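# Summary of structural features
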Amino acid sequence: MYLPSAFEKKMKQLLGEEYEEYVACYEEPRYYGLRVNTGKISVEEFKKICPFEITPVPWIQNGFYYDGEHVSPAKHPYYFAGLYYLQEPSAMTPADRLPIAPGDKVLDVCAAPGGKATELGAKLRGEGVLVANDISSSRAKGLLKNIEVFGIGNVLVLSEEPGKLETYFPEYFDKILIDAPCSGEGMFRKDKKMVRAWEEHGPEFFSNLQRNIILQAARMLKPGGMMLYSTCTFDSRENEQMIEHLKEEYPEFHVLGIEPYYDGFCLGIPEETRSRDPELAKTVRIFPHKMKGEGHYLALLQKGEPLPAKELKLKKKSAKIPEELAEFMQDISWELDASRLDIHGERIYYMPEELPDVRGIRFLRTGLLLGELKKKRFEPSQALAMYLKKEEFAHCIDFSAEDDRVRRYLKGETLEVDELMEKKAKGWHLVCVDGYPLGWGKIAGGTLKNKYLPGWRLC
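Overview of the structure. The structure presented is a predicted model; accordingly, all values stated were derived computationally and were not measured.

Now for the sheet that holds strand S14 (residues 341-344). On the basis of which strands lie adjacent, the open sheet formed by four strands has the order S14-S15-S17-S18 and antiparallel pairing. Each end of this open sheet is capped by a strand with a single partner; those strands are S14 and strand S18 (377-380). Taking each pair of neighbouring strands and ignoring which way they run, the sheet shows an average axis angle of 30 degrees. The pairing of strand S15 (residues 347-350) with strand S17 (residues 368-374) spans four bridges and is antiparallel. By the bridge assignment for S17, Ile-348 is matched with Gly-371.

And the structure:
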């Protein structure tokens, strides 16, 4: 495989005697991985129903390898039900190693397409808030879909400059993840186009971006909060030197050890920095000749010691539930907190708690989109279907994954379902596959009128 001479020279200096072993790994096939959505299903239960062969990723509790040359998990109904996310194994590590507790306020700064944000959201268990941001509005649309497929409702999906977010969220977040835009050297084996991109925009270009992003994020982190910085590159300017830069600007930051530590991890390299700060050895490098995954770098940091929480200016919200929504909610087993409703025109959103005033930010989504108010009726959203559990809605149709009608439903077809009805039924039904929601349908006379979101349909 072609590698730029400047890159080869750098890697020889970095790896020394291991360089030949590193180059040899380019002859090995890439690894395909999936990460189980523990917000919807336990790892043990997924292993029981998984329709294809999987083997564990040893350093990720809910991560598995699969044979990407012979199976297509993205076409299985379980993928549409949000039971797993397809992700390169090493890329699972940052969100896995950032300690998240239910109730945390979490920011994913560069979140698209959602591989890390979906894991952070699953860890929150519906409590607290996940703010997922990506400066590219087109990429943020894909991010929003992945978050909604995963059934995450306590979320703000934004498309803003991190610098603008500072003014809205000063020292607001308990945890921040920065999967920084980088030169992508760790992905050369996975995607050969990355080599040409590196020749166009290399480490110097990206390190300039990263220096701003990491300092902006630092100012949004609470005292005592944790921040995980990661890249998929090997260059020390984007890795150890970036952490050195942060600590020079904000000495209250210190590096934490990454737990649990895996045998294949390599220590960060303080010698690649001016200060040779020994704390940098606590950061982690992932090399593809050491592990069954691509290249990555991780640094977990803490910002000083916790201080008393600041009083936030909270946005005032409606305290009245519209009649149409109240009627629909009679079929759902949990109660709405009316103070969290936010109504814009026909659309009704269910907002996370304890938000500052965020007017003026470019949003793709604020909270969980419950649905739309029409003339004398409420139409539930696709996002609400994915957020619900089967047992939480009174009227469900549950197909087996082997039933051909599942794929027909995902394609948007009208279905005959009379034999699945214990009694004559009509109205909104939650359509499920093996007990896991896929979307909505409306029944009349034994026929299911398909309400699966057109933009999500199986081609």
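There is more to say after this.
With respect to the helices, strands and loops of the structure, Tyr-409 is situated in helix H14 (residues 404-410). Taking C-alpha positions, Tyr-409 is 33 Å from Gln-61, a pair spaced 348 residues apart along the chain. Once residues within four sequence positions are removed from consideration, Tyr-409 is found in contact with Leu-415, Val-431, Leu-438, Gly-439, Trp-440, Leu-448, Asn-450 and Tyr-452.

Along the chain, the position of Arg-365 falls in strand S16 (residues 363-366). There is a polar contact of 3.0 Å between the side chain of Arg-365 and the side chain of Glu-148. Apart from residues lying up to four places away in sequence, Arg-365 is in contact with Leu-144, Glu-148, Val-155, Leu-156, Val-157, Arg-347 and Tyr-349.

Turning next to the sheet that holds strand S2 (residues 55-56). Taken together, the four strands give an open sheet; going across it, the order is S2-S3-S1-S4, and neighbouring strands pair in antiparallel fashion. In this open sheet, the two strands that pair with only one neighbour each are S2 and strand S4 (84-86). The pairing of strand S1 (residues 32-36) with S4 spans three bridges and is antiparallel. Of the residues in S4, the one forming a bridge with Leu-34 is Leu-86. In this fold helix H6 (residues 115-124) packs onto S1 and S4, with an angle of close to 25 degrees to the strand it touches most, S1.

Attention now moves to the pattern of salt bridges. Under the definition given, this model contains 34 salt bridges. We note a salt bridge from Glu-119 to Arg-35, for which the minimum N-O separation is 3.0 Å. With Glu-119 in helix H6 and Arg-35 in strand S1, the pair connects residues that are 84 residues apart, well separated along the chain. What makes Arg-35 buried here is its relative accessible area of 1%. By sharing partners, the salt bridges in this structure join Lys-10, Glu-185, Asp-235 and Arg-237 into a single network.

In this section: the packing of aromatic side chains. Applying the stated rule across the entire model yields 29 aromatic pairs. Relative to Tyr-387, the ring of Trp-334 has its centre 5.8 Å away and its plane inclined at 80 degrees; by these criteria the two rings are edge-to-face. One end of the pair, Trp-334, is in the loop between helix H12 (323-329) and S14; the other, Tyr-387, is in helix H13 (residues 382-387), and 53 residues separate them in sequence. Trp-334 gets classed as buried once you look at its relative accessible area, which sits at 18%. Look at Tyr-387 and you get partly exposed, because its relative accessible area is 26%. An aromatic cluster of three or more residues is present, and its members are Tyr-32, Phe-46, Phe-52, Tyr-66, Tyr-79, Phe-80 and Tyr-84. Sitting over the ring of Tyr-172, Lys-105 keeps its end group 5.8 Å from the ring centre. Above the ring of Tyr-350, the side-chain terminus of Arg-340 is found at 4.2 Å from the ring centroid.

Bringing the pairing of strand S7 (residues 155-158) into the picture now. A two-sided burial pattern is seen for S7, the buried positions comprising Val-155 and Val-157 on one face and Leu-156 and Leu-158 on the other. Summarising the sheet, strand S6 (residues 129-133) and S7 pair through four bridges and their orientation is parallel. Across the sheet, Ala-132 pairs through a bridge with Val-157, a residue of S7. Sheet topology note: the S7/S16 ladder contains three bridges and is antiparallel. When the sheet's bridge partners are listed, Leu-156 is paired in S16 with Thr-366.

A few words now on helix H7 (residues 137-149). If you check H7, its first and last C-alpha atoms are 19 Å apart, about what 13 residues at 1.5 Å a residue would give, namely 18 Å. Inspection of H7 places Ala-140, Leu-143, Leu-144, Asn-146, Ile-147, Glu-148 and Val-149 among the buried residues, and these make up the whole buried set. Among the residues trailing H7, Gly-151 stands out with phi positive, at a value near 80 degrees.

Quick look at the environment of Lys-303 now. Its place among the elements puts Lys-303 in strand S13 (residues 296-303). Not counting residues up to four positions away in its chain, the partners in contact with Lys-303 are Glu-171, Ala-218, Arg-219, Leu-221, Lys-222, Pro-223, Gly-224, Gly-225, Glu-252 and Phe-253.

Moving on, we get to the nonpolar core. In a soluble, globular protein the nonpolar side chains are often hidden away together inside. Ranked by internal contacts, the top residues of the largest apolar core, which has 39 residues, are Phe-169, Ile-176, Ile-178, Ile-214, Met-227 and Ile-243. The dominant element in this core, judged by the number of residues it contributes, is helix H10 (residues 203-220), at six residues. In this structure, Phe-52, Tyr-409, Val-417 and Tyr-436 belong to the second largest nonpolar core, which totals 36 residues.

Right, let's get into H10. End to end, H10 covers 25 Å across 18 residues, agreeing with the expected 26 Å (1.5 Å per residue, within 8%). Of the residues making up H10, those classed as buried are Pro-203, Phe-206, Ser-207, Gln-210, Ile-213, Ile-214, Leu-215, Gln-216, Ala-217, Ala-218 and Met-220.

A word on the packing of H10 against helix H11 (residues 240-249). Close contact between H10 and H11 brings their axes to 10 Å; oriented N to C, the two are set at 45 degrees. What the angle tells us is that H10 and H11 run oblique. Considering only the axes of H10 and H11, their crossing is right-handed. When H10 is examined against H11, the residues Ser-207, Gln-210, Arg-211, Ile-214, Leu-215 and Ala-218 are found in contact with a partner set consisting of Met-242, Ile-243, His-245, Leu-246 and Glu-249. Class assignment for the residues of the contact of H10 with H11 results in six nonpolar, three polar and two charged.

Conventions we followed
- The residue count restarts for each chain, going from 1 along the sequence in the order it is written.
- For a predicted model such as this one, the threshold for reporting local features is a pLDDT of at least 70, and the threshold for listing and counting side-chain atom pairs is 80 or more; totals across whole chains, interfaces and linings nevertheless cover every residue.
- In computing side-chain properties, one takes all heavy atoms of the structure into account and sets aside hydrogens as well as water.
- Strand pairing is assigned whenever DSSP identifies at least 2 bridges connecting the two strands.
- Numbered from the N terminus, helices here are DSSP runs of H or I no shorter than four residues, and strands are runs of E no shorter than two.
- Structural elements are reduced to axes, namely lines fitted to C-alpha atoms, with helices fitted over the stretch in contact, and the angle between N-to-C directions of any two is expressed from 0 to 180 degrees.
- We call two residues in contact whenever any of their non-hydrogen atoms come within 4.5 Å of each other.
- Pairs of N or O atoms within 3.5 Å make up the polar contacts considered here, provided that, within protein, one atom can donate a hydrogen while the other can accept it, and that residues adjacent in sequence are counted only when both atoms are side-chain atoms.
- Take a side-chain nitrogen of Lys or Arg and a carboxyl oxygen of Asp or Glu: if they are within 4 Å of each other, that pair is a salt bridge.
- Only protein chains enter the accessibility calculation, which uses a 1.4 Å probe; a residue whose area is less than 20% of its type maximum is buried, one above 50% is exposed, and one in between is partly exposed.
- In this analysis, rings of Phe, Tyr and Trp, with Trp reduced to its six-membered ring, are considered paired at centre separations within 6.5 Å, and the interplanar angle assigns stacked below 30 degrees, edge-to-face beyond 60, and tilted for intermediate values.
- Whether a charge sits over a ring comes down to the Lys NZ or Arg CZ being within 6 Å of the ring centre and within 35 degrees of the ring normal.
- Expected helix span is computed as 1.5 Å times (number of residues minus one).
- Note on terminology: a nonpolar core comprises buried Ala, Val, Leu, Ile, Met, Phe, Trp, Tyr and Cys residues joined through side-chain atoms within 4.5 Å.
- Roughly parallel covers angles under 35 degrees, roughly antiparallel covers those over 145, roughly perpendicular covers 65 to 115, and oblique covers all other angles.
- By convention, the crossing between two helices is left-handed when the near helix turns anticlockwise from the far helix through less than a right angle, and right-handed when the turn is clockwise.
- Charged residues are taken to be Asp, Glu, Lys and Arg, nonpolar residues to be Ala, Val, Leu, Ile, Met, Phe, Trp, Tyr, Cys and Pro, and polar residues to be all remaining types, Gly included.

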